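# Reading the structure
Chain residues, written in single-letter form:
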Number of protein chains: 4
Amino acid sequence: MLEALKKRVYDANMALVKYNLIIFTWGNVSEYDVETGLVGIKPSGVAYDQLKPEDIVLVNLEGEVVEGHYKPSSDTPTHVEIYKHFKSVRGVVHTHSPWATSFAQARKPIKALGTTHADYFYGDIPCTRPMTAAEIADEYEKNTGKVIVETFEAIDPNEIPGVLVNEHGPFAWGKSPEDAVHNAVVMEEVAKMAYRTQMLLASEMNSTLQKELLDKHFLRKHGKNAYYGQK
Amino acid sequence: MLEALKKRVYDANMALVKYNLIIFTWGNVSEYDVETGLVGIKPSGVAYDQLKPEDIVLVNLEGEVVEGHYKPSSDTPTHVEIYKHFKSVRGVVHTHSPWATSFAQARKPIKALGTTHADYFYGDIPCTRPMTAAEIADEYEKNTGKVIVETFEAIDPNEIPGVLVNEHGPFAWGKSPEDAVHNAVVMEEVAKMAYRTQMLLASEMNSTLQKELLDKHFLRKHGKNAYYGQK
Amino acid sequence: MLEALKKRVYDANMALVKYNLIIFTWGNVSEYDVETGLVGIKPSGVAYDQLKPEDIVLVNLEGEVVEGHYKPSSDTPTHVEIYKHFKSVRGVVHTHSPWATSFAQARKPIKALGTTHADYFYGDIPCTRPMTAAEIADEYEKNTGKVIVETFEAIDPNEIPGVLVNEHGPFAWGKSPEDAVHNAVVMEEVAKMAYRTQMLLASEMNSTLQKELLDKHFLRKHGKNAYYGQK
Amino acid sequence: MLEALKKRVYDANMALVKYNLIIFTWGNVSEYDVETGLVGIKPSGVAYDQLKPEDIVLVNLEGEVVEGHYKPSSDTPTHVEIYKHFKSVRGVVHTHSPWATSFAQARKPIKALGTTHADYFYGDIPCTRPMTAAEIADEYEKNTGKVIVETFEAIDPNEIPGVLVNEHGPFAWGKSPEDAVHNAVVMEEVAKMAYRTQMLLASEMNSTLQKELLDKHFLRKHGKNAYYGQK
């Protein structure tokens, strides 16, 4: 059932490796099929170099397995919660990509600091609130989805297609699993740039190169008496 | 028309991927042909692994398409503005390469801090001023070119073949598209070094290795009683 | 003797290269065979691209060579000490992987800061105390093992399968050499994230993108008047 | 003449690319042949992917070309100066490797901070003093060698086989060109670790993961009620 969907979900999961978003089994991608109401998702703890399209597990919006010889990702209830509330979302991805995860661990949003960010995210990428002990103790993964949804009460998930889960890591979504992975790659890239921007703004550069060295090196390559390289 | 130019522009665009300056479609390279007054430039939003030399779009210095089955890069008016004012420039490249973009997001120049920088750039690589709301609202990409040109009123673009656009990212140029890409790679490398230099200067290192450990490790490998490795 | 063990130890050593944990010969992996009481370990100073499974050296728990045409790793006494005291450990790995080593050089634990860490380590990864001049002068490598064991007096090595040796670098262990390498890769990844988390927490981000630029870039790609890309 | 030496110098130059120490033509390696008193060195500005063993230029200790169809590296006088004064050195390498260069730009030594450093360098790797305007104006490259030699007046170059040239970049040396490149790789690696150690020491980590999250994530994978992965 839904073999084309399984292939897309498989391809999107493999793309996590290609884009260096994950090591080992530290990520999962799913797709929601609006007609059948089913979600295809990566099986739990299966190595990426052994994953096959037919291993993708199908679950319904109650999170129950409908088809599949493996257990679904332990994060399945989070994916399902997102599909139930973000109506136009068709693909969801979760990774522990290191730059975005560092912001999540610092419990800080990835602020919109440049046009690279603005090309994809219409404002800051928020970080969820800490979960309560009760939320963690029981139905932890479902509650993770709930705090994500809560975080977007006043935000349009189509305008900010991603979130940081507090002290955990990023989720991203989109119009398809491929689009969700694309947004996850962008989140990682803008997180990296935001980190470096913050470091640059937090310190001053008062140093400058000795003028004679500047002259010497530029002019030995570019001046009319240049002597670097072959004639 | 201008098939050799299209091939050079294609090659230079592909080099952005090879040199890790871009992900996805986050860059574009062009060449200006002084005889015909035409510019060859990457089409907008076309994936690099699907790009072919014949996809390169030809536009005139009014930015109008003269030949091509695709729309040109949305940044075309910026490229054209550079060619109109920097008379010896034959290639222009725009990327969102992460180190240079981080300086642009911090609204700081890449200062000349070492001879690597001086080998290519005869002074600091400037950052443009913020654009006004009016400049952004209308003819944004053309106005981006205008603020670049304004930034070089007192700077020779042959001596500083690159710029940071405020809160956006780097543009670089040169005698050919290949040369422009070369300068873009250098900008990214000197931005990385300038960042790390700034961080080193902003903090002090008062720590030092325990003397006994220094002796032990150096001498077990290099002393006359060395016992590391095979005899 | 123990050819299957030698193959596993060989494979685990080669994995250090694959996972970018080491350069040159800066690492070693061993396995303990509980039946024979023997340890298979990498020979000292042999380049990884010349290493063969039959080069793995077998030593007993006194550290004496039982089989092998090479000298064992100079760190062999440290491995042996770990096997003698951490009863369920079957694989040990030592590297100078750069992120974990930087924490060791800073004499700081890798703190548990996120769920990535918690998935593998049930608390902070400790750093050993400085060794005394006497401990360094005589039986240095054995004493390195002893300070590791001392550090775990109140910690279960199955819950924290790794340690930083003060001003030196990481050791990790597990149920097999492969598992030990897996834990070494995780240590390096969580060290990287902990570093960046610390830097983010140590500085504030008060900057934000100009609102007009945020609107322009998001809407030229995603708004109903979007003009980026092909139609 | 000296074809075997040329091949070694060629191989060592190509290794700079393999070890990611350089981009473009930003490095050069030489070997000194004590019998003939000649130095084989990379030609100036020749791309690495076009370099051939027979392109290696032979010069004498006055820096005069003895054999070769290309001009030698513009840094040749620096290499020669090192061979003239550091009597046991047979290979010299110069790069602009980014971590070491960042320390040179910050005008700071790479301090000995761990055993990785101590395995190769018996103390801090020094940074030369600034050169005078006169030293830069005339015989710049020879004077670069002279300030290196001056820096080692009280240091044994066999114990510290490398140096940072102020605001420029690293030189390293050894018993052969291959050994010199090995030391250059180590300098880059210990510079990277020293940088990160400094950053860690310059800030405090007062944060810690929420206890409930630590329990949840460790125990869902490792506890007796673990539910992550397949059964």
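Use the structure listed above.
Rules used throughout
- Residues numbered from 1 in each chain as written.
- Chains lettered and ligands numbered in written order.
- Predicted model: local features only at pLDDT ≥ 70, side-chain atom pairs only at ≥ 80, totals over all residues.
- Heavy atoms only, no water.
- Buried < 20%, exposed > 50% of the residue type's maximum accessible area, 1.4 Å probe, protein only.
- Helix = DSSP H or I, 4+ residues; strand = E, 2+ residues; numbered from the N terminus.
- Contact = heavy atoms within 4.5 Å.
- Buried area = accessible area lost by both parts, 1.4 Å probe.
- Salt bridge = Lys/Arg side-chain N within 4 Å of Asp/Glu carboxyl O.
- Polar contact = N/O pair within 3.5 Å; in protein donor to acceptor, adjacent residues only side chain to side chain.
- Pairing = 2+ DSSP bridges.
- Axes fitted to C-alpha atoms, helices over the stretch in contact; angles between N-to-C directions.
- Least-squares fit on C-alpha atoms with pLDDT ≥ 70 in both.
- 1 Å grid on protein atoms, 1.4 Å probe; cavity = no way out; pocket = protein on both sides within 12 Å on 5 of 7 lines; lining within 4 Å.
- Points joined across faces, edges and corners; volume = space filled by probe spheres on them.
- Nonpolar A, V, L, I, M, F, W, Y, C, P; charged D, E, K, R; others polar.
- Parallel < 35°, antiparallel > 145°, perpendicular 65-115°, else oblique.
- Left-handed = near helix turned anticlockwise from the far one by under 90°.

A few words on helix 2 (residues 76–85) of chain A. Residues and elements named next belong to chain A. In terms of residue burial, helix 2 counts as a mostly covered element, since seven of its 10 residues are buried. Within the span of helix 2, buried status applies to Thr76, Thr78, His79, Val80, Glu81, Ile82 and Tyr83. Looking at the buried residues of helix 2, the elements they touch are strand 1 (27–33), strand 2 (38–41), strand 3 (57–60), strand 5 (91–95), helix 6 (140–151) and strand 7 (169–174).

What follows deals with the interface of chain A and chain B. Taken residue by residue, the interface counts 36 residues in chain A and 35 residues in chain B. Taken over both partners, the interface formed by chain A and chain B buries close to 3300 Å², and the fraction arising from carbon and sulfur atoms is 64%. Taken as a group, Leu200, Met205 and Phe218 of chain A account for 22% of the area that chain A buries against chain B, more than any other trio of residues on that side. Between Glu204 of chain A and Lys108 of chain B there is a salt bridge, and its shortest N-O distance comes to 3.8 Å. Along the contact surface separating chain A from chain B lie 15 residue pairs in polar contact (both at pLDDT 80 or more).

This paragraph deals with the sheet that holds strand 2 of chain A. Residue and element names in this part refer to chain A. Pairing within the open sheet is antiparallel, and its seven strands lie in the order 4-3-2-1-5-7-6. At either end of the open sheet lies a strand with only one pairing partner, and these are strand 4 (65–67) and strand 6 (162–165). Strand-to-strand twist in this sheet, taken as the mean axis angle between neighbours without regard to direction, amounts to 25 degrees. Relative to strand 7, strand 6 runs antiparallel, the two being bridged by four bridges. Bridge pairing in strand 7 places Gly162 opposite Ala172. Contacts from helix 1 (residues 3–18) reach strand 1, strand 2, strand 3, strand 4 and strand 5, with the element oriented near 155 degrees to strand 1. Against the sheet, helix 7 (residues 177–201) engages strand 1, strand 5, strand 6 and strand 7, with an angle of about 140 degrees to strand 7.

Let us now look at the sheet that holds strand 2 (residues 38–41) of chain C. Residues and elements named next belong to chain C. An order of 4-3-2-1-5-7-6 is seen for the seven strands of this open sheet, with the pairing classed as antiparallel. Edge positions in the sheet fall to strand 4 (65–67) and strand 6 (162–165), since each has one partner strand and no second. With direction set aside, neighbouring strand axes in the sheet form an average angle of 25 degrees. Packed on one face of the sheet, helix 1 (residues 3–18) meets strand 1 (27–33), strand 2, strand 3 (57–60), strand 4 and strand 5 (91–95) and runs near 155 degrees to strand 1. Contacts from helix 6 (residues 140–151) reach strand 6 and strand 7 (169–174), with the element oriented near 125 degrees to strand 6.

What follows concerns the relation of the copies chain A and chain B. Relative to chain B, chain A is turned by 90 degrees and slid 0.0 Å along the rotation axis, the superposed coordinates differing by an RMSD of 0.0 Å. The superposition operator between the copies reduces to a four-fold rotation axis. Residue Met199 of chain A, judged by its C-alpha, is the member of chain A lying nearest the rotation axis, at 5.6 Å.

Take the relation of the copies chain D and chain A next. One copy of the chain maps onto the other through a rotation about an axis plus a displacement along that axis. Overlaying chain D on chain A yields an RMSD of 0.0 Å, the required transformation being a rotation through 180 degrees with an accompanying axial translation of 0.0 Å. Such a turn and shift between the copies fits a two-fold axis. No C-alpha of chain D approaches the rotation axis more nearly than that of Met199 of chain D, which lies at 5.6 Å. The residues that chain D uses at the interface reappear at the interface of chain A in 100% of cases, marking a shared surface.

Okay, the layout of surface pockets next. The calculated volume of the second largest pocket comes to roughly 1100 Å³. Considering the residues around the second largest pocket, the lining is formed by 35 residues, among which Tyr120, Lys175, Asp179, His182 and Asn183 of chain A are closest to the centre. Elements with a contribution of two residues or more to the lining of the second largest pocket: helix 1, strand 7 and helix 7 of chain A together with helix 8 (211–222) of chain C. In the lining of the second largest pocket, the residues fall into 16 nonpolar, 10 polar and nine charged.

Now for the interface of chain D and chain A. With 34 residues of chain D in contact, the opposing surface of chain A contributes 34 residues. Of the roughly 2900 Å² buried at the junction of chain D and chain A (both faces included), carbon and sulfur atoms supply 44%. The tally of links between chain D and chain A comes to four salt bridges. Residues Asp75 of chain D and Arg220 of chain A are paired through a salt bridge, measuring 3.9 Å at the closest nitrogen-oxygen approach. If you look at where chain D meets chain A, you find 24 residue pairs in polar contact (both at pLDDT 80 or more).

Along helix 3 (residues 98–105) of chain A, eight of the eight residues are buried, which leaves the element largely enclosed by surrounding structure. Considering only its buried residues, helix 3 of chain A is in contact with strand 6, strand 7 and helix 7 of chain A together with helix 4 (115–118) and helix 7 (177–201) of chain C. At the exit of helix 3 of chain A stands Arg107 of chain A, carrying a positive phi of roughly 55 degrees.

Next up on the list: the packing of helix 7 of chain A against helix 7 (residues 177–201) of chain B. Any two packed helices are characterised by how steeply their axes cross, that is the angle between the axes, and by the distance between the axes. Where helix 7 of chain A contacts helix 7 of chain B, the axes come no closer than 10 Å and their chain directions differ by 45 degrees. The pairing of helix 7 of chain A with helix 7 of chain B is recorded here as oblique in orientation. The handedness of the crossing between helix 7 of chain A and helix 7 of chain B is left-handed. Of helix 7 of chain B, the residues touching helix 7 of chain A (which contributes Tyr195, Arg196, Met199 and Leu200 of chain A) are Tyr195, Gln198 and Met199 of chain B. In the contact of helix 7 of chain A with helix 7 of chain B, the residues fall into five nonpolar, one polar and one charged.

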